[in-house]
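Each chain, written out:
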Amino acid sequence: MVEHRPWNDIIAYAILTLGVFIVAFPVYVAMIASTHDAATVVGGRMPLLPGGHTLENYYRAVFVGGSRTAPEPVGHLLLNSFISAIGIAVGKICISILSAYAVVYFRFPFRKTAFWIIFVTLMLPVEVRIYPTYKVVADLRMLDTYAGLILPLIASATGTLLFRQFFMTVPDELLEASRIDGAGPFRFFKDTLLPLSVTTISALFVIQFIYGWNQYLWPLLITTQDSMQTIVTGIKKMLTTTDELAEWQLAMATAVLAMLPPVAVVVFMQRLFVRGLVETEK
Amino acid sequence: MEKSAVFNRSKLLPYALLAPQLIITFVFFYWPASQAVLQSFKREDAFGLVSEFVGLENYQAVFAQPEYYKAMLTTLVFSTLVAALSLSIALLFATQADKNLKAAPVYKTFMIWPYAVAPAVAGVLWFFIFHPSLGTLARPLRGLGLDWNPLLNGNHAMALVVMSAVWKQIAYNFLFFLAGLQSIPKSVIEAGAIDGAGPMRRFWTIIFPLLSPTTFFLLVVNVVYVFFDTFGIIDAVTAGGPAGATTTMVYKVYADGRLGGDLGGSAAQSVVLMVIVIALTAVQFKYVERRVQY
């Protein structure tokens, strides 16, 4: 730094600590609420220290389900969320690495056209075409299926652009060398390009897993059976009764469970997460 | 940019490689998007049995609704508040974290994790804290003499969704601002210090202008975020209410078309939104090109 003043650091620490506190506060309250019984939470005078009903609440949320408002145990919804988030992440990676490979390493008629067809999908999020997409999925008889939850959300250009950008940085000499060794398109892809792409693939996986896990509108529309909901849409259903009847302690336990996997991904794979976030935005 | 070394002899293979993505894109993107455009010129009866071409009638009907202008205004207020608040708060935190603090990496981790929280979940968390009868912070607010009730008061409801949306977006803006700050050469700041500029003056005359590409990029991203990703927050917290006070344009597309209500009107609104997003994206790309050179 230019000048070093002790009070400067103290101010910085104070502001950052305040920031961290504000950022953490809602989650802290939710965690506390998930450890109290219903009466304490609804009473409006909930203490800000943990209560003694933690195991009971989480057990009920995960395995039993609420009595009135949430008939479906959250354990099953967690599984649905995992399947669709991983499906979206893996699906997007597979189709986009293949299409990027075609666009970068081959010359064929309509190559540019194909690229633009994919590229345009960047512009329109699923929210602006929900009902027609719903109709397509209904016509294909994919309502209430994992395919219906996953496939429409992997139709996007982010992955293709990211892989294309990475492939462009791979030195041409590698392709020439593996050609001299007699490798065709399949072997070059499998033995050279794929091992080089591991970091890019992981970064994209982290971002797409979070994206898939946090989907709300789409799963809400195409799931009619409670058993096919994801955990994020399930929380809302717990609260759509009159407020006095909603079981907030279970809803908060569910909220904590819904946050845990993606937050863990960000915290423990921070390097990949930051990389994925910065690169998918370019 | 083009590769010079490519596979020339494969004629069919590239099409096979492209096929999965192209098929999915056509089935789930181009087909529904074109249906949305087509539907916006048609009127269907409640059972979807008869549909007739009505030209621009759906658009005229949409633009004749006072509610549509209200939703536009709500969207404008909502996005201005969220973008302004989340950008300035994130910039404040990022400038502090950019100082040579030993604990800076720890603060960074603690600052970015809300990115991973689903918008709908973020909404539920804030709704719980500010719930009129059982919220932890609702009682102190009423203690201050404010008749706090986001379930009945439109301004309170708006404040609540803005808080949730800002809370979630700070992480993203913080990360990009911090990266932007760290890429500013230290020598420029030192030169300013030698000329006698204090920390505040250095920030406004050197750092802030050099940060403007990041700020502009984030502005566009934030507006897109407010338009689309906040759907979950609004649906979970207020469901567009009370009395439409938090119905944004995207929420109205959803609400009007729900249960086969006004599909034509909903589709017309979708098309208007598409035009807005395309314009925003065009601005972003034009700018991104500049950033690459920079």
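Keep in mind that this is a model prediction, so the values were computed, not measured.

### Points about the overall build of chain B
Okay, so step 1: Counting secondary structure elements, chain B contains 13 helices and two strands.
Okay, so step 2: In summary, chain B has a C-alpha radius of gyration of 24 Å against a globular reference of 19 Å for 294 residues, an excess of more than 25%.
Okay, so step 3: When its C-alpha atoms are laid out on the principal axes, chain B stretches across 75 × 75 × 30 Å.
Okay, so step 4: Classification of the 294 residues of chain B by burial places 42% in the buried group.

### Structural notes on the overall build of chain A
Okay, so step 1: Check the secondary structure of chain A and you find 15 helices and zero strands.
Okay, so step 2: For a compact globule of 282 residues, the expected C-alpha radius of gyration is about 19 Å, and chain A comes in at 24 Å, more than 25% above that figure.
Okay, so step 3: C-alpha extents for chain A along the principal axes are approximately 75 × 65 × 35 Å.
Okay, so step 4: Within chain A, the fraction of its 282 residues that count as buried is 47%.
Okay, so step 5: For chain A, restricting intrachain contacts to residue pairs at least 6 apart in sequence, the fraction spanning at least 24 positions comes to 72%.

### With respect to the interface of chain B and chain A
Okay, so step 1: Counting residues at the interface gives 79 residues for chain B and 84 residues for chain A.
Okay, so step 2: A per-element tally of the side of chain B that touches chain A places helix H1 (residues 13-39) of chain B first, with 18 residues.
Okay, so step 3: A class-by-class count of the residues in the side of chain B that touches chain A yields 57 nonpolar, 17 polar and five charged.

### Things to note about the environment of A:Thr199
Residues and elements named next belong to chain A.
Okay, so step 1: As for its placement among the helices and strands, Thr 199 is situated in helix H11 (residues 198-213).
Okay, so step 2: Classification of Thr 199 as partly exposed rests on a count of 13 C-beta atoms within 10 Å.
Okay, so step 3: The spacing of Thr 199 and Leu 272 is 73 residues in sequence and 7.6 Å in space, taken between C-alpha atoms.

### Considering the nonpolar core
Okay, so step 1: If you look at the biggest cluster of nonpolar residues, it comprises 159 residues, and the most contacted ones within it are A:Ala255, B:Val121, B:Val124 and B:Phe174.
Okay, so step 2: For this core, the leading source of residues is helix H7 (residues 154-182) of chain B, giving 16 residues.
Okay, so step 3: Discounting chain neighbours no more than four positions away, the residues touching B:Val121 are A:Val232, A:Ile235, A:Ala255, A:Ala258 and A:Met259.

### Focus on the environment of A:Ile118
Okay, so step 1: Note that A:Ile118 resides in helix H5 (residues 111-120).
Okay, so step 2: Sequence separation between A:Ile118 and A:Ser99 is 19 residues, and the spatial gap between their C-alpha atoms is 9.2 Å.
Okay, so step 3: Beyond its immediate stretch of four places on either side in the chain, A:Ile118 contacts A:Ser99, A:Ala157, A:Thr160, B:Gln21 and B:Thr25.

### Side note on the packing of helix H3 (residues 66-97) of chain B against helix H10 (residues 212-229) of chain B
Residues and elements named next belong to chain B.
Okay, so step 1: Relative orientation of the contacting elements H3 and H10 amounts to 135 degrees, with a least axis distance of 9 Å. For the element pair H3 / H10, the angle class is oblique. Considering only the axes of H3 and H10, their crossing is right-handed. Together, Phe 78, Ser 79, Val 82, Ala 83, Ser 86 and Leu 87 of H3 and Thr 215, Leu 218, Leu 219, Asn 222, Val 223, Val 226 and Phe 227 of H10 make up the contact between the two elements.

### Brief notes about the packing of H11(A) against helix H15 (residues 270-280) of chain A
Residue and element names in this part refer to chain A.
Okay, so step 1: Here H11 crosses H15 at 85 degrees, and the two axes come no closer than 8 Å. Relative to H15, the element H11 is oriented roughly perpendicular. Residues Ser 202, Ala 203, Leu 204, Val 206 and Ile 207 of H11 form the contact with H15, whose participating residues are Leu 272, Phe 273, Arg 275, Gly 276, Leu 277, Glu 279 and Thr 280.
Okay, so step 2: Considered class by class, the residues forming the contact of H11 with H15 number seven nonpolar, three polar and two charged.

### Describing the confidence of the model for chain B
Okay, so step 1: Per-residue confidence for chain B gives a mean pLDDT of 83; residues scoring 70 or more make up 94%.
Okay, so step 2: Reported confidences for the modelled complex are a pTM of 0.87 and an ipTM of 0.86.

### Observations concerning helix H4 (residues 104-112) of chain B
Okay, so step 1: Considered for burial, the residues of H4(B) that qualify are B:Tyr107, B:Met111 and B:Ile112. Down the axis of H4(B), the buried set is contained in an arc of 120 degrees. They therefore lie on one face.
Okay, so step 2: The inward-facing, buried residues of H4(B) abut helix H1 (6-33) and helix H14 (248-268) of chain A together with H3 and H7 of chain B.

### Details of unusual backbone geometry
Residues and elements named next belong to chain A.
Okay, so step 1: Even without glycine at this site, Phe 110 takes up a positive phi of about 70 degrees.
Okay, so step 2: If you trace the backbone, Phe 110 turns up in the loop between helix H4 (74-105) and H5.
Okay, so step 3: Unlike most non-glycine residues, Arg 141 shows phi in positive territory, near 55 degrees.
Okay, so step 4: Structurally, Arg 141 can be placed in the loop between helix H6 (130-139) and helix H7 (146-150).

### Observations regarding the confidence of the model for chain A
Okay, so step 1: Summarising the model, chain A shows a mean pLDDT of 83, and 93% of its residues fall at 70 or more.
Okay, so step 2: Averaged over each element, pLDDT in chain A is lowest for helix H2 (residues 38-42) of chain A (73) and highest for H4(A) (91).

The rules behind each value
Residues numbered from 1 in each chain as written. Chains lettered and ligands numbered in written order. Predicted model: local features only at pLDDT ≥ 70, side-chain atom pairs only at ≥ 80, totals over all residues. Helix = DSSP H or I, 4+ residues; strand = E, 2+ residues; numbered from the N terminus. Rg over C-alpha atoms; globule rule 2.2 N^0.38 Å. Buried ≥ 20, exposed ≤ 12 C-beta atoms within 10 Å, placed from the backbone. Contact = placed C-beta atoms within 7 Å. Nonpolar A, V, L, I, M, F, W, Y, C, P; charged D, E, K, R; others polar. Core = buried A, V, L, I, M, F, W, Y, C linked by C-beta atoms within 7 Å. Axes fitted to C-alpha atoms, helices over the stretch in contact; angles between N-to-C directions. Parallel < 35°, antiparallel > 145°, perpendicular 65-115°, else oblique. Left-handed = near helix turned anticlockwise from the far one by under 90°. pLDDT = per-residue confidence, 0-100. Arc of directions from axis to C-beta.

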